[in-house]
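Now for the letters of each chain:
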Amino acid sequence: MKHAIVFLVLFLLTACGSLKKTQSNNPPDGLKGNLGSTLVDSTSVLEIMNFLASDDLKGRDSGSEGIEKAAEFIEGIFVQNGLKPYFATFKDTLANFQKPAYNIVGVLKGTDKKLQNEYIIIGAHYDHIGVLTAENGDTIANGANDNASGTTTVLELARYFGASKSNKRSLIFALFSAEEKGLIGSNHLAKKLKEEDLNLYLMLNFEMTGVPMIDKDYMMYVTGYGKSNLAEETNKYANKNLVGFLPTAKEFGLFQRSDNYPFHNEFNIPSQTYCTFDFTNFNFYHKVGDELDQMDFEHMSRVINNMIPVLEGFSNSPEQEIKYY
């Protein structure tokens, strides 16, 4: 593995006073919602990533001991930041998967008595593909970009809103298992919430946000770009050209290939994925090289911070502004 490079990065950051280093096999402290600053910096992003993409989790294959550690870690961050379990516990046991596996689902109730009955799901999958055939002596597919990066984005947004309580609508933070097995976790949750007749306004998914796009005048794209006004409204609240159209995403049908899609099918409401993987900027998709030292933590923190006013706008607008065409 690339431990030497990773530890060098951590050492240099520590020397610069920007990181309180944590051991990879222990969840980081200091992520509570009562931090003095509610904005996200690269230090907290790196700390979360350092745990989720560590060798100790053995690639977070669904049903494995490694992903169980990740699930407990996610629960801990939810508790630290004041989220409540959406169900009886944070663990939503998958009924459509052969091994014990869980989505982790927390909720922050909205502050407005009327709007709190409308829900926005902020989600990402936290599983990956586990252990592969050895490549240069490395067998662990750590899944830093896919999708520890998206998971970290969701956890940092949960930290922000847990501290600020600036959401009039209720927010569900959902981390999905078994995405790599065919969107099994998100299919399970979407059907379950539909049976409850949840008043769902939006499903916003984060996938592979660990590295910046190349030669683009926007930071991210959304899958299903032409299906709704999500990109336009995102850019309005971000006050910049944050989201653009990536033709390759349409060409490869990415709208149907991530955890937004089951919610689209069940609820027929805007359900789309934000992503920065553009097929030219990352060479380790589903390979053992998808490791921590490939990630750009400053980029990740910028993505999260740019999404904060967007999600506040979506959460607090008097009317539901995002529509399918």
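The residue numbers shown here count from 1 along each chain, following its written sequence. The predicted nature of this model means local features are confined to residues of pLDDT at least 70 and side-chain atom pairs, given and counted, to a pLDDT of 80 or more, with totals for whole chains, interfaces and linings taken over all residues. For the side-chain quantities, the full set of heavy atoms in the structure was used; hydrogens and water were omitted.

**Q** Outline the layout of surface pockets, supporting the account with residue identities and numerical values.
**A** Counted as a void, the largest pocket has a volume near 300 Å³. Any residue with an atom within 4 Å of a point lines the site, the site being either a cavity, points on a 1 Å grid over the protein atoms alone where a 1.4 Å probe fits but cannot get out, or a pocket, an open set with protein on both sides within 12 Å along at least 5 of 7 lines. Lining the largest pocket we find 17 residues, and of these Glu207, Met208, Leu254, Arg257 and Tyr285 sit closest to its centre. Three residue categories are used. Nonpolar comprises Ala, Val, Leu, Ile, Met, Phe, Trp, Tyr, Cys and Pro, charged comprises Asp, Glu, Lys and Arg, and polar comprises the others, including Gly. Here the lining of the largest pocket is composed, by residue class, of seven nonpolar, five polar and five charged. Grid points are joined across faces, edges and corners, and a volume is the space filled by probe spheres set on the points.

**Q** Provide a residue-level description of the pairing of strand 7 (residues 170-176), including the pertinent values.
**A** In terms of burial, strand 7 is a largely internal element, seven of the seven residues being buried. Covered by surrounding structure in strand 7 are Ser170, Ile172, Ala174 and Phe176 together with Leu171, Phe173 and Leu175, the residues of both alternating faces. As judged from the five bridges shared by strand 3 (residues 102-108) and strand 7, these two strands associate in the antiparallel manner. Note on strand 7: the bridge partner recorded for Ile104 is Leu175. Strand pairing is assigned whenever DSSP identifies at least 2 bridges connecting the two strands. Working definition: helices are DSSP H or I runs of at least four residues, strands are E runs of at least two. Numbering for both runs from the N terminus. Direction of pairing for strand 4 (residues 119-125) relative to strand 7: parallel, over a ladder of seven bridges. Bridge pairing links Ile120 to Leu171 in strand 7. Each residue's exposure class comes from its accessible area (1.4 Å probe, protein chains only) as a fraction of the maximum for that residue type: buried when under 20%, exposed when over 50%, partly exposed otherwise.

**Q** So what's going on with the packing of aromatic side chains? Residues and values would help.
**A** For this analysis, a ring pair means two rings from Phe, Tyr or Trp (six-membered ring only for Trp) whose centres lie within 6.5 Å, classed as stacked if their planes differ by under 30 degrees, edge-to-face if by over 60, and tilted for the remaining angles. Counted by the stated rule, this structure contains 14 aromatic pairs. For the pair Phe176 and Phe263, a centre-to-centre distance of 5.9 Å together with 45 degrees between the ring planes defines the contact as tilted. Taken together, the positions of Phe176 in strand 7 and Phe263 in helix 8 (residues 261-267) put the pair 87 residues apart, joining distant regions of the chain. An identical accessibility class is assigned to Phe176 and Phe263; each is buried. For the ring pair Phe277 and Phe279, a centre distance of 4.9 Å and an interplane angle of 40 degrees mean the geometry is tilted. Under the relative-accessibility criterion, Phe279 is labelled partly exposed at 34%. What links up through ring pairs into an aromatic cluster is the set Phe252, Phe277, Phe279 and Tyr285. A ring is scored as having a charge over it whenever the NZ atom of a lysine or the CZ atom of an arginine sits within 6 Å of its centre and within 35 degrees of its normal. The side chain of Lys227 reaches across the aromatic face of Phe255, ending 4.9 Å from its centre.

**Q** Explain the packing of helix 2 (residues 42-52) against helix 3 (residues 65-80) residue by residue, including any values.
**A** Where helix 2 meets helix 3, the closest approach of the two axes is 10 Å, and the angle between their N-to-C directions is 155 degrees. In terms of orientation, helix 2 and helix 3 fall into the roughly antiparallel class. When helix 2 is examined against helix 3, the residues Ile48, Phe51 and Leu52 are found in contact with a partner set consisting of Lys69, Ala70, Phe73 and Ile77. Taken together, the residues of the contact of helix 2 with helix 3 break down into six nonpolar, no polar and one charged. Fitted lines through C-alpha atoms serve as axes, helices being fitted only where they are in contact, and the angles separating the N-to-C directions of these axes extend from 0 to 180 degrees. By definition in this entry, angles of less than 35 degrees are roughly parallel, angles greater than 145 are roughly antiparallel, angles of 65 to 115 are roughly perpendicular, and the rest are oblique. Note on definitions: a residue-residue contact is assigned when non-hydrogen atoms from the two residues lie within 4.5 Å.

**Q** Hey, could you go over the side chain of His125 for me, with residue numbers and the actual values?
**A** Positionally, His125 belongs in strand 4. Counted as a polar contact is a pair of N or O atoms within 3.5 Å, where, for protein atoms, one must be capable of donating a hydrogen and the other of accepting one, and residues adjacent in sequence contribute only when both atoms are in side chains. Of the polar contacts made by the side chain of His125, one reaches the side chain of Glu207; its length is 3.0 Å. Apart from residues lying up to four places away in sequence, His125 is in contact with Asp146, Asn147, Thr151, Phe176, Glu179, Glu180, Glu207 and Asp259.

**Q** Lay out the confidence of the model for the protein with the relevant residues and their values.
**A** If pLDDT is low for a region, its predicted coordinates should not be looked at in detail. Confidence per residue, as judged by the predictor, is encoded in pLDDT with a range of 0 to 100. Across the protein, the average pLDDT comes to 90, with 88% of residues at 70 or higher. Low confidence marks residues 1-37, where pLDDT is under 50. Its contacts with residues over four positions away, or in another chain, come to 65 contacts.

**Q** Any chance you could break down the packing of helix 6 (residues 230-238) against helix 9 (residues 297-316) for me, citing the residues and the numbers?
**A** In helix packing, the relevant descriptors are the interaxial angle and the interaxial distance, both defined with respect to the helix axes. The geometry of helix 6 relative to helix 9 is characterised by a closest axis approach of 8 Å and an angle of 110 degrees between their N-to-C directions. By the criterion of interaxial angle, the relationship of helix 6 to helix 9 is roughly perpendicular. Pair helix 6 / helix 9 crosses with right-handed handedness. Note on element contacts: helix 9 touches helix 6 through Asn306, Met307, Pro309, Val310, Gly313 and Phe314, opposite Leu230, Glu233, Thr234, Tyr237 and Ala238. In terms of residue class, the contact of helix 6 with helix 9 is made up of seven nonpolar, three polar and one charged. Note: crossing handedness is left-handed where the near helix turns anticlockwise from the far helix by less than a right angle, and right-handed where it turns clockwise.

**Q** Describe the pattern of salt bridges, and please don't skip the residues or the numbers.
**A** Counted as salt bridges are all cases of a side-chain nitrogen of Lys or Arg within 4 Å of a carboxyl oxygen of Asp or Glu. By the definition in use, this model includes 10 salt bridges. Taking the shortest distance from any N to any O, the salt bridge between Asp61 and Lys181 comes out at 3.0 Å. Within this pair, whereas Asp61 is found in the loop between helix 2 and helix 3, its partner Lys181 is found in the loop between strand 7 and helix 5 (184-195), the two being separated by 120 residues in sequence.

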